[in-house]
Each structure stands twice: as structure tokens, then as C-alpha cells.
Amino acid sequence: MRKDEQRKILERTAPGTPLREALDRIVQLGTGGLIVIADREVVAPVISAGFELNAPFTPQSLAELCKMDRAVVVDEDLRTILYANAHLVPDPTIPSAETGTRHRVAEQTAKQIERPVIAISEERKKITIYYKDWRYELRDPLALSSQVSQALLILDRYRRELHELLTELAPMEFERKVPLDHVAMVIQKAVQMIHLEEELQGLFVELGREAKLFRHQLRGLMHGVRETLKLVVMDFRKDRRPPEELVKEILNLDPEDLLVPEVILKILGYSEDELDIPVPSRGFRILSKIPRLPPSVIERLVEELGSLDQIERANRRQLQRIKGIAETRARAIKTGLSRLRNRYLSGGLEL
């Protein structure tokens, strides 16, 4: 099952949505319930009896109709309640790991018609979603919020650690002596942050409107991280493939492989016998910190001069020979690099 399908279902059952309001009402009433979200022609083959309603969907009416023992069917647009007290008869040969009748019928129906079916437990007061082979139990928003808060604290620590690594990296870049294991550590930390961000985005979907403040915090913590990862790869890659391709390959590493520097450096194009040799930085990341210096000019600078060290050593006349660099911009590059060197040596810059 595709993640986008799961995301769509969780978005519709998130706090603040009409469907979630109905589900919470059913839990509070303690009646339990069985809800099928499918259009008439899709669900008809598994219904043997029931009341055909064609009534407007509201959270209140759905919760009231779930007081009856059998299923309620809502159309896929969540606009119309099609059936109430519907007796579902899915194919009994469809496998199910559920022991309770309601949940077993829900799972078998979801697999047969390939539409979401929601079972609300009367005793446990749990909401379980079934869709194809996917089973998911909705979590309490308070517990989710606590989990998100803990993850954001970890992300804040990761950001501080990444900042320290970059602060240590910059002087090495200016001196043309960058250990490859340090490059690997920077990449590892940035990737860990991106993976945690993706995990949080999934939790935000389930939190719905309750995630607004958390989303704002996440944006601040992740500011500049993806750009930094790409620029570091551009600065130190030996493999001539596009940097986007290398970044994608690194992001797709298994968690265990991500912790092995040799695996990351192999993707960048280095062999085992090169890992102990310091390398120069091309300067993409440092140069991107100079105000009003377009990426196209940075690319030409690196292409013409080869490394940050050579760019810093070049005088203004040499810089002006490069397309797009006139006297004013050449002076800005020299001044900018001098300021950046001093600021990094005195404590670093933000991402």
C-alpha cells in the first residue's frame, strides 16, 4: 500500500475534521461502531440487508446511527450516509487475524472492496482503520503531542550538533585540509535530521489542526538543513553524477549503513585507500553565505579556480576575469570571504 494512500486516510480522520468529530462522539457514547467509506456500487456486493438512507452526512447523525449494531456506510466524499444498520457479508475465506466479530468483518470487508473501513471498539474505546492489507489504530492526540515534543527536542539537539560540526569544518575548508571522516559526520547528522523531519510530518498528519504550533517549530529547526546537505555534497563529491542524485542515494541508505562513514564516502566517489587523505573544499557552501552572490556566479568561480583556497587566494583582478564578476562584485567576494573566515573562527555561523 502506498504511503500517499495512508496519508489521505489519516488526514480525513485527524482532529478537527468532521469524520474525527463523529469518531470521538462514538467513543464518548461507548456504543462502538462500524463505518464503511465507499460508494454504493462498490459496497453493494457485501451488503445483505440494511436501511438505505441517502441522508446528509453530519458528525452527529453518524454517531447516532452507530448506536445500531451493524455498519453505517458513508460515500467516499463524506457527504452522504448511504446505509444504516447494514449487515456486511464479506468473503469468509479472506484471512483475518482479528478475534472480535466487528473487527474481523471490518478487516475482511476492507480487503475485499479495497476501501477504508473503521471499527470502534465498545470496551477498549479504540479506533482502528482497515484499508486493503493496512491496519492502523488511531492514537490519542495527547500521546501524539507528547511524542512530537520529544522528537522536536531531539531535533534541536541534532541541529546544535550539526552547527558544531560545521563550525569545525569551516576553518579546515579555508586551510584546504578537510578530513573525509568529518565530511561524513556532517552528512550523517543532516540526514538524521531529515529522516526525523519526515517522521514528524507523518505524525502531523494524524494530529491535524493540533499540529499548527509544532509545524512552526519544525520549520525553524530544519531551516537550511537540506540546502546544507546538498552544498556539502557539492563541495566534496568526487563522483561526477549530479549532486541531487548523490543526495538521494545517501537519503535512501539503511540506518545501519548511514552510520558507516565508508559507505557515505563511497557514494561520494572515494575509494578505501583515499579515506585518510585530507581534501580541499570547492567552496559552494562558504560562498553561498556571501550576500547577493548568485549561484551561477558561484558555479563559475568554482569551475575556474577549483577550490575555496584558490578562490580566497585570487586577487580582485583575477576574479574580474570570470564572467559575471565586475570590480564591485570582486571586492564583495574578497571582503565576504575575509569576514566569513573571521566569523567562523570566532564561533561559526547559523546554517
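Refer to the structure presented above.
Counting restarts for each chain, with residues numbered from 1 along the sequence as it is written. Under the rules for a predicted model, residues below a pLDDT of 70 receive no local features and side-chain atom pairs below 80 are neither given nor counted, while totals for whole chains, interfaces and linings still include all residues. To obtain the side-chain values, all non-hydrogen atoms of the structure were included, while hydrogens and water were left out.

A word on unusual backbone geometry
Part 1 of the reasoning: A positive phi angle, near 55 degrees, is found at Glu 114, a position not held by glycine.
Part 2 of the reasoning: Mapped onto the secondary structure, Glu 114 falls in the loop between α5 (101–113) and β5 (117–120).
Part 3 of the reasoning: Buried means the residue's accessible area, taken with a 1.4 Å probe over protein chains only, is under 20% of the maximum for its type, while exposed means over 50%, and partly exposed covers the values in between. By relative accessible area, Glu 114 is classed as partly exposed at 41%.
Part 4 of the reasoning: In this model, Arg 176 sits at a positive phi of 65 degrees, which is unusual for a non-glycine residue. Every helix listed is a DSSP run of H or I at least four residues long, and every strand listed is a run of E at least two residues long, numbered separately from the N terminus.

A short note on the sheet that holds strand β4 (residues 80–88)
Part 1 of the reasoning: If you walk across this open sheet you meet the seven strands as β2-β4-β3-β1-β5-β6-β7, and the pairing is mixed. Unpaired on one side and paired on the other, β2 (47–56) and β7 (134–137) mark the two borders of the sheet. Strand after strand, the sheet turns through a mean of 20 degrees between neighbouring axes, direction not considered.
Part 2 of the reasoning: Where strand β6 (residues 127–131) and β7 come together, four bridges link them in antiparallel fashion. When the bridges of β7 are listed, Tyr 131 appears paired with Trp 134.
Part 3 of the reasoning: Contacts between residues were defined by any pair of non-hydrogen atoms, one from each residue, lying within 4.5 Å. Throughout, an axis means a line fitted to C-alpha atoms (over the contacting stretch in the case of helices), and angles, computed between N-to-C directions, take values from 0 to 180 degrees. Across the face of the sheet, helix α2 (residues 18–29) comes into contact with β1 (33–37), β5 and β6 while running at roughly 25 degrees to β5.
Part 4 of the reasoning: Lying on the sheet, α5 is in contact with β1, β4, β5 and β6; it crosses β5 at an angle near 175 degrees. Criterion used throughout: strands pair if DSSP finds at least two bridges between them.

Topic: the packing of helix α6 (residues 141–174) against helix α17 (residues 327–345)
Part 1 of the reasoning: Look at α6 against α17: their axes get within 9 Å of each other, and the N-to-C directions meet at 135 degrees. The angle between α6 and α17 places the two elements in the oblique class. Note on packing geometry: the crossing formed by α6 with α17 is left-handed. In contact with Leu 166, Thr 167, Ala 170, Pro 171 and Phe 174 of α6, α17 contributes Leu 337, Leu 340, Arg 341, Tyr 344 and Leu 345. For classification purposes, an angle smaller than 35 degrees is called roughly parallel, one larger than 145 roughly antiparallel, one from 65 to 115 roughly perpendicular, and anything else oblique. For a crossing to be left-handed, the near helix must be turned anticlockwise from the far one by less than a right angle; the clockwise case is right-handed.

Some points on the packing of aromatic side chains
Part 1 of the reasoning: We call Phe, Tyr and Trp rings a pair once their centres come within 6.5 Å, taking the six-membered ring for Trp, and we label the pair stacked below 30 degrees between planes, edge-to-face above 60, and tilted otherwise. Applying the stated criterion across every chain yields a total of one aromatic pair.
Part 2 of the reasoning: A centroid spacing of 5.4 Å and a plane angle of 25 degrees characterise the contact between Trp 134 and Tyr 136, whose relative ring orientation is stacked. As far as burial versus exposure is concerned, Trp 134 and Tyr 136 are alike and both buried.

Topic: the pattern of salt bridges
Part 1 of the reasoning: By convention in these notes, a salt bridge is any Lys or Arg side-chain nitrogen within 4 Å of a carboxyl oxygen on Asp or Glu. Within this structure, the stated rule accounts for 27 salt bridges.
Part 2 of the reasoning: Where Glu 11 meets Arg 7, a salt bridge forms, and the shortest distance between an N and an O atom there is 3.4 Å. With Glu 11 and Arg 7 both in helix α1 (residues 3–12) and four residues apart, the pair spans about one turn of that helix.
Part 3 of the reasoning: Judged by relative accessible area, which is 41%, Glu 11 ranks as partly exposed.
Part 4 of the reasoning: Across the pair Arg 331 and Glu 327 runs a salt bridge whose closest N-O atoms are separated by 3.7 Å.

Notes on the packing of α6 against helix α7 (residues 180–207)
Relative placement of two packed helices is described by the angle separating their axes and the distance separating the axes.
Part 1 of the reasoning: Contact geometry for α6 and α7: axes closest at 9 Å, N-to-C directions at 160 degrees. Compared by their axis directions, α6 and α7 come out roughly antiparallel. Crossing hand, α6 versus α7: left-handed.
Part 2 of the reasoning: Class assignment for the residues of the contact of α6 with α7 results in 22 nonpolar, four polar and six charged. Classification convention: Asp, Glu, Lys, Arg as charged; Ala, Val, Leu, Ile, Met, Phe, Trp, Tyr, Cys, Pro as nonpolar; all other residues, Gly among them, as polar.

As for the nonpolar core
Part 1 of the reasoning: Here, the term nonpolar core denotes a set of buried Ala, Val, Leu, Ile, Met, Phe, Trp, Tyr and Cys residues that are joined through side-chain atoms within 4.5 Å. With 49 residues, the main nonpolar core has Leu 155, Ile 187, Leu 200, Leu 229 and Ile 250 as its most contacted residues.
Part 2 of the reasoning: At the level of secondary structure, the elements contributing two or more residues to this core comprise α6, α7, α8 (212–222), α9 (225–236), α10 (243–251) and α12 (261–268).
Part 3 of the reasoning: Top contributing element to this core by residue count: α7, with 14 residues.
Part 4 of the reasoning: Sequence-distant contacts of Ile 250, that is, excluding residues within four places in its chain, are made with Ile 187, Val 191, Val 233, Ile 264, Ile 267 and Leu 268.
Part 5 of the reasoning: Ranked by size, the runner-up nonpolar core spans 28 residues in total, among them Leu 19, Leu 23, Val 72 and Val 205.

Function cannot be inferred from these measures alone, as they are strictly geometric.
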